[in-house]
Amino acid sequence: MAETLSRTRRFGQGLVDRLPQLGVAIVAGVLLCLSFPPFGWWYLGFLAFALLAWVLTRETTTVLGGFGYGFLFGAAFYLPLLPWVGAFVGPFPWIGLSLAEAVFPALFGAAAVVVRRLPGWPLWFAGLWAAQEWLKSTVPFGGFPWGVVAYGQTESPLRSIAQLGGAPLLSFALVLVGFSLAAMVFEVIQWWRRDDAQTTPPAVVVPGLCISAVLLATALTWPHVRQSGLGAGDEHSVTVAVVQGNVPRLGLDFNAQRRAVLDNHVRETLRLAEDVRAGRAPRPMFVVWPENSSDIDPLANPDAHELISSAAAAIDAPILVGAVVEAPGATAEEPTTTNSVIVWNPESGPGERHDKQIVQPFGEYLPWRGFFRNFSEYADRAGYFVPGDGTGVVHPAGVPVGVTTCWEVIFDRAPRESVRNGAQLLVVPSNNATFTESMSEQQLAFARLRAVEHDRYVVVAGTTGISAIISPDGRELARTAFYEPAYLDSAVRLKSQLTAATRFGPLVEGLLIALGVGSLIVAMLHNEGFVRRRVGGRTTDRGAT
């Protein structure tokens, strides 16, 4: 009993001693969340990583402590970022996903403590952060890139860096600046406290150079990004329309209203056609409907086929229809389907199509169905969608259009492959009817960054919103409100040049990962706890210097 009481006291005292670090880790996570939509205070991202650096570089922080502080930082970030996950299914999926994602910043925290004694630690910290973002975007079940810090920087001047190396390089730049600012403050404070106060603090040089490099990259890329967004050049211009039909009600049961959803999109398209005939709107070359605008398979259902054909005839232009289509080999026990975008021509009906290649786990399909169905009554509502294949490009009215359907736009490889396969414009058909407005704002940030990354106009079409037309510099040229029927009709430019990010994005990310992993290996080799060397014929421990 006495021993238990003693351990409790020691634990309590240890907790009290660490309250400043615990509090700062939590504040840093919350600040990082506030840099994301719907808040959008992007500049807080720098402060978040500066505060995290203070926690991880303290002499009293052990490797295990770094893991714990990193986990706390991740939980404080993801829990307020992802409440929309549980909006209609309860808190368990939201909390479970948030805490699972917090493991990745925890791994970063542990690794950062290992490398913090290396000269120029802000650079190695940034490399380790790039490595953990790659890891979280890859595993498990294909990864979850939501929360990649680059997507909180769509209003930041730094966003132009995405043209050089995509989201990974932008994330790296942001955390590098945050860590470097912290290093400079730490060094200035130590220098000030020295007796020899006139000595120039040499350790400030590396973080200063890091910040200068990021600012230089921004200065070099921003003019080109801005000119592209203003329409400089002689690219061909086309008019594109987006139809947001809306749903009868939000929630998981929107599928029960699938005929009403289809009717809404037909009705809004007919309204657009009337406005075109009356001269109130320009005639579009093609129209974009959102994902799940026809959850009735229009290739198998005559009524859905006729409705969509009537809308295409009325607007006299192809419609990109987001439809659920029965997959080959589907059975009653395994009713597999594809989430498809079909080019519906006014004369010939359904033609070319894109079958979604990256399907969402726990939504569009349920991995380990027999296992996970034991944890939630909503598990069996997950679909039986299977991934498709193809180039990611369709050609309504002869225009090469890259399609990244909803979940796909989150992953770097989907829009990149579309553009590399010839897409001169990107469209993002989405269905946010099972989520909230804050989720829609966050997803819109993905599309805005893709526009900058690949120097393309991006057209976002949502069933409930937010639909938008985005210029290549990431600006929203037009947008709808959430949960309302509406259409957008605007001219966009077709662009064909490839950015450095489009060409070399995976290589840049690989180099960033190598930087982080390499620093970890070097630190381990110079740490007496990891390596033993034979010196003068006998084995000794060699510690870090």
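From a predicted model like this one, the values you see are computed outputs, not experimental measurements.

A.B. asks: Go over the overall build of the chain with me, naming the residues and quoting the values.
C.D. replies: On a plain count of helices and strands, the chain comes out with 14 helices and 14 strands. Looking at the chain as a whole, 54% of its 545 residues are labelled buried. Considering only contacts within the chain whose residues lie at least 6 apart along the sequence, 69% involve residues at least 24 apart. Put simply, the chain shows about 23300 Å² of open surface, and 60% of that area lies on carbon and sulfur atoms.

A.B. asks: Describe in detail helix α13 (residues 437-454), supporting the description with residues and values.
C.D. replies: A rise of 1.5 Å per residue sets the reference length of α13, with its 18 residues, at 26 Å; its end C-alpha atoms lie 26 Å apart and thus fit the reference within 8%. One or two positions beyond α13, positive phi appears at Asp 455, with a value near 55 degrees.

A.B. asks: Give a detailed account of the sheet that holds strand β12 (residues 486-493), specifying residues and quantitative values.
C.D. replies: Note: strands within a sheet are paired through backbone hydrogen bonds, in either parallel or antiparallel orientation. Strand order in the open sheet formed by 6 strands is β5-β4-β3-β2-β1-β12, with mixed pairing between adjacent strands. Edge strands, defined here as strands with exactly one partner in the open sheet, are β5 (349-355) and β12. Pairwise comparison of adjacent strand axes, ignoring direction, gives a mean angle of 35 degrees for this sheet. Of the strand pairs in this sheet, strand β2 (residues 286-288) and strand β3 (residues 319-326) are connected by 2 bridges, and their pairing is parallel. Considered in β3, the bridge of Val 287 is made with Ile 319.

A.B. asks: So, the pairing of β3: which residues are in play, and what are the values?
C.D. replies: With 7 of 8 residues buried, β3 is to be regarded as a mostly interior element. Pairing of β3 with strand β4 (residues 337-345) involves 8 bridges; the strand directions are antiparallel. Within the sheet, the bridge partner assigned to Gly 322 lies in β4 and is Val 341.

A.B. asks: With reference to specific residues and values, describe the pattern of salt bridges.
C.D. replies: As enumerated under the stated definition, the model contains 18 salt bridges in all. Ionic contacts of the salt-bridge type, sharing partners, join the residues Glu 155, Glu 441, Arg 448, Glu 476 and Arg 479 into one network.

A.B. asks: I'd like a rundown of helix α10 (residues 302-315), residues and numbers included.
C.D. replies: In a regular helix each residue adds 1.5 Å, so 14 residues correspond to 20 Å; α10 covers 20 Å between its end C-alpha atoms and thus fits that length. Within α10, the full set of buried residues consists of Ala 304, Leu 307, Ile 308, Ala 311, Ala 312 and Ile 315. Along α10, the residues classed as buried sweep out an arc of 130 degrees about the axis, all on the same side. Seen from the buried face of α10, the exposed residues on the opposite side, beyond 90 degrees, are Pro 302 and Glu 306. The elements touched by buried residues of α10 are α9 (258-277), β2, β3 and β4.

A.B. asks: Any details on the confidence of the model for the chain? Residues and values, ideally.
C.D. replies: Confidence in the prediction of the chain, expressed as mean pLDDT, is 88, and 86% of residues score 70 or more. Overall, residues 531-545 carries pLDDT values under 50, and its contacts beyond four positions in sequence, including any with other chains, amount to 21 contacts.

A.B. asks: Which residues make up the pairing of strand β1 (residues 237-244), and what values go with them?
C.D. replies: Most of β1 sits out of view: 7 of its 8 residues are buried. Note that β1 and β12 share 8 bridges and pair antiparallel. In the sheet register, Val 242 faces β12, and the bridge partner there is Leu 488. Where β1 and β2 come together, 3 bridges link them in parallel fashion. Residue pairing for β2: Val 240 is matched across the bridge by Phe 286.

A.B. asks: Explain the packing of aromatic side chains to me, using residue names and the numbers behind them.
C.D. replies: Applying the stated criterion across every chain yields a total of 23 aromatic pairs. When the centroid spacing of 6.3 Å and the interplanar angle of 80 degrees are considered together, the rings of Trp 42 and Phe 46 count as edge-to-face. Ring plane angle 85 degrees and centroid distance 6.1 Å describe the contact between Phe 108 and Phe 125, whose orientation is recorded as edge-to-face. Placement of the pair is Phe 108 in helix α5 (residues 91-115) and Phe 125 in helix α6 (residues 121-136), with a sequence separation of 17 residues. Here the two residues Phe 108 and Phe 125 agree in accessibility, since each one is buried. The rings of Phe 49, Phe 73, Phe 108, Trp 121, Phe 125, Trp 129, Phe 179 and Phe 186 are connected pair by pair, giving a single aromatic cluster.

Analysis parameters
Residues numbered from 1 in each chain as written. Predicted model: local features only at pLDDT ≥ 70, side-chain atom pairs only at ≥ 80, totals over all residues. Heavy atoms only, no water. Helix = DSSP H or I, 4+ residues; strand = E, 2+ residues; numbered from the N terminus. Buried < 20%, exposed > 50% of the residue type's maximum accessible area, 1.4 Å probe, protein only. Contact = heavy atoms within 4.5 Å. Areas by Shrake-Rupley, 256 points an atom, 1.4 Å probe, with all protein chains shown as cover. Expected span 1.5 Å × (residues − 1). Pairing = 2+ DSSP bridges. Axes fitted to C-alpha atoms, helices over the stretch in contact; angles between N-to-C directions. Salt bridge = Lys/Arg side-chain N within 4 Å of Asp/Glu carboxyl O. Arc of directions from axis to C-beta. pLDDT = per-residue confidence, 0-100. Phe/Tyr/Trp six-rings, centres within 6.5 Å; stacked < 30°, edge-to-face > 60°.

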